[in-house]
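Structural features, examined
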Amino acid sequence: PRARPMDLSAFSPARPASPLRLLFLHHSVGGQLFAPQGPHRETSNSIYVSSPNGGDLRRRLEAEGYEVHEASYGSVVADRTDLFDWPGKFRDQMERILRTDHQDATYTDGRSNRIVMFKSCYPNSELVGRGTAPGNPAGPELTVENAKAALRSLLPLFAAHPDVLFVYVTAPPVVADYVPERAVALVLKKLLGRPLRRDQLARSGVHARELDAWVVGEDGWLRGYTGRNVVAFDYYAELADPRTGLSRYPSAPFDSHPSAEGNRRAAALFVPFLNRAVRRAGLSP
């Protein structure tokens, strides 16, 4: 069953009373979520003018009055966005993140970002096991417990900036289909006792579902965090098959990038979620 997420229903889903600067740190999936659907066109690395997988979230956010900014591959603040990259990034580059306009450009007017969205890409949903508590925030093994440790280590860093809303967008699921392994590879794996690709995917789906439930659940990641400036948007669950934990909106049989249908679905849900979170954080009356 899906985890019971944080209840934001006490807060209005209406647009904020005044414009708010928002920065999204992402790679290709995030860029496609933001872009309108259309031919593949990029202005820079994974920042799209349009995409066949476009979810049109940027336009939806701008229609609500948000001032939207992006950073992705090749920038100082978003070149690496795996789970184990976030603790060091927010520890060492927080001030740069808050001042980032676009890629490596920073604001010159003295203002800063009031909302920081950040997301890891789908390889971060291919977990290799449960691991051992309390986990290691530096990994390197992508286990459930190591991922939890990395996310826990972010909270003191966010607590130091109570006037900024941090929005973690959970990593999307991986695709269920895989390129069939050749007979020789299958025999070798069996002889060496290594798992088959289909079995690896099945296990990773179970572990990804477990991690996601902890991240968004009211008794999970944010339990005991007294600030109101951190939320998690359940992008993963909106795209995952609840039975397998694997993607039900792939863009192609072997491609884990979410389809336009999946991204539009998530974008429509994200806007009222963010508006409520903004009010919970005290950024709008």
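For the structure itself, consult the block above.
Scoring rules and cut-offs
- Along each chain, residues carry numbers from 1 onward, in the same order as the chain's sequence is written.
- In view of the model being predicted, local features appear only for residues whose pLDDT reaches at least 70, and side-chain atom pairs are presented and counted only at 80 or more, with totals across whole chains, interfaces and linings using the full set of residues.
- Think of the side-chain values as coming from all heavy atoms in the structure, minus any hydrogens and water.
- Numbered from the N terminus, helices here are DSSP runs of H or I no shorter than four residues, and strands are runs of E no shorter than two.
- Atoms considered for the radius of gyration are the C-alpha atoms alone. The globule rule reads 2.2 Å times the number of residues to the power 0.38.
- Exposure categories follow from relative accessible area, calculated using a 1.4 Å probe and restricted to protein chains: below 20% of the type maximum is buried, above 50% is exposed, and the middle band is partly exposed.
- Residue contacts are counted whenever heavy atoms from the two residues lie within 4.5 Å of one another.
- Nine residue types can take part in a nonpolar core, namely buried Ala, Val, Leu, Ile, Met, Phe, Trp, Tyr and Cys, and a core is a set of them joined through side-chain atoms within 4.5 Å.
- Pairing between two strands requires that DSSP report at least two bridges joining them.
- Here a salt bridge means any side-chain nitrogen of Lys or Arg lying within 4 Å of a carboxyl oxygen belonging to Asp or Glu.
- Each cavity reported here is a set of points on a 1 Å grid over the protein atoms alone in which a 1.4 Å probe fits but cannot get out, each pocket an open set with protein on both sides within 12 Å along at least five of seven lines, and each lining residue one with an atom within 4 Å of a point.
- Grid points are joined across faces, edges and corners, and a volume is the space filled by probe spheres set on the points.
- When residues are grouped by polarity, Ala, Val, Leu, Ile, Met, Phe, Trp, Tyr, Cys and Pro land in nonpolar, Asp, Glu, Lys and Arg in charged, and all others, Gly among them, in polar.

1. What about the overall build of the protein chain?
If you tally the helices and strands in the protein chain, you get 9 helices and 11 strands. Relative to its length of 285 residues, the protein chain is compact, with a C-alpha radius of gyration of 19 Å against a globular reference of 19 Å. Seen along its three principal axes, the alpha-carbon backbone of the protein chain occupies a region of about 65 × 45 × 35 Å. Expressed as a percentage of the 285 residues in the protein chain, the buried residues total 52%. In the protein chain, the share of contacts with a sequence separation of at least 24, taken over all contacts with a separation of at least 6, comes to 71%.

2. Focus: the nonpolar core
Of all hydrophobic cores here, the largest spans 39 residues; its most connected members are Leu25, Phe90, Phe118, Phe158, Val215 and Trp221. If near-sequence neighbours (up to four positions away) are discounted, Val215 is found in contact with Leu151, Tyr168, Thr170, Trp221 and Ala232. Core analysis: the second largest hydrophobic core is formed by 32 residues, Leu20, Phe24, Phe233 and Ala266 among them.

3. Focus: helix α4 (residues 144–152)
Across the 9 residues of α4, 8 count as buried, placing the element largely inside the fold. The inward-facing, buried residues of α4 abut α3 (86–99), α5 (155–159), β8 (165–169) and α7 (197–216).

4. Details of the pairing of strand β1 (residues 20–25)
Successive residues of a regular strand alternate their side chains across the two faces of the sheet. Counted residue by residue, β1 has 6 buried out of 6 residues, so it is predominantly covered. The alternating pattern of β1 places Leu20, Leu22 and Phe24 on one face and Arg21, Leu23 and Leu25 on the opposite face, and all of these are buried. Sheet topology note: the β1/strand β7 (residues 115–119) ladder contains 4 bridges and is parallel. What sits directly across from Leu23, in β7, is Val116.

5. Here we look at the pattern of salt bridges
Under the defined criterion, the tally for this structure stands at 12 salt bridges. The shortest N-O distance in the salt bridge between Glu145 and Lys148 comes to 3.9 Å. You can see Glu145 and its partner Lys148 sitting in helix α4, 3 residues apart, about one turn around the helix. Exposure remark for Glu145: the relative accessible area of 12% places this residue in the buried category.

6. Looking at the layout of surface pockets
Each pocket or cavity is described by its volume, and for the largest pocket that value is around 470 Å³. For the largest pocket, the lining is made up of 20 residues, of which Pro5, Met6, Leu8, Ala232 and Phe273 are closest to its centre. When residues of the lining of the largest pocket are traced back to their parent elements, those giving at least two are α7, β9 (230–233) and α9 (260–280). When residues of the lining of the largest pocket are assigned to their parent elements, the largest contribution, 4 residues, is made by α9. Taken together, the residues of the lining of the largest pocket break down into 12 nonpolar, 2 polar and 6 charged.

7. Re empty space enclosed by the protein
The rolling of a water-molecule-sized probe over the atoms marks out the regions of remaining empty space. By the definition in use, this model includes 1 cavity of 30 Å³ or more. As a volume, the largest cavity reaches approximately 90 Å³. Forming the boundary of the largest cavity are Leu83, Asn124, Ser125, Leu127, Tyr168, Thr170, Ala171, Ala208, Leu211, Asp212, Val215 and Tyr236. At 4 residues, α7 tops the list of elements feeding residues into the lining of the largest cavity. Grouping the constituent residues of the lining of the largest cavity by class yields 8 nonpolar, 3 polar and 1 charged.

8. Details of unusual backbone geometry
Pro134 follows Ala133 through a cis peptide bond whose omega is 5 degrees. Its place among the elements puts Pro134 in the loop between β7 and α4. A cis geometry characterises the amide bond from Gly139 onward to Pro140, with omega recorded as 0 degrees. On the secondary structure map, Pro140 appears in the loop between β7 and α4. Of note in the backbone geometry, Ser46 takes a positive phi value of approximately 60 degrees without being a glycine. Relative to the helices and strands, Ser46 is located in the loop between β2 (41–44) and β3 (47–50). In this structure, Gln103 is a non-glycine residue whose phi angle is positive, near 50 degrees.

So, to be careful, I would describe these as geometric facts and stop short of saying anything about function.
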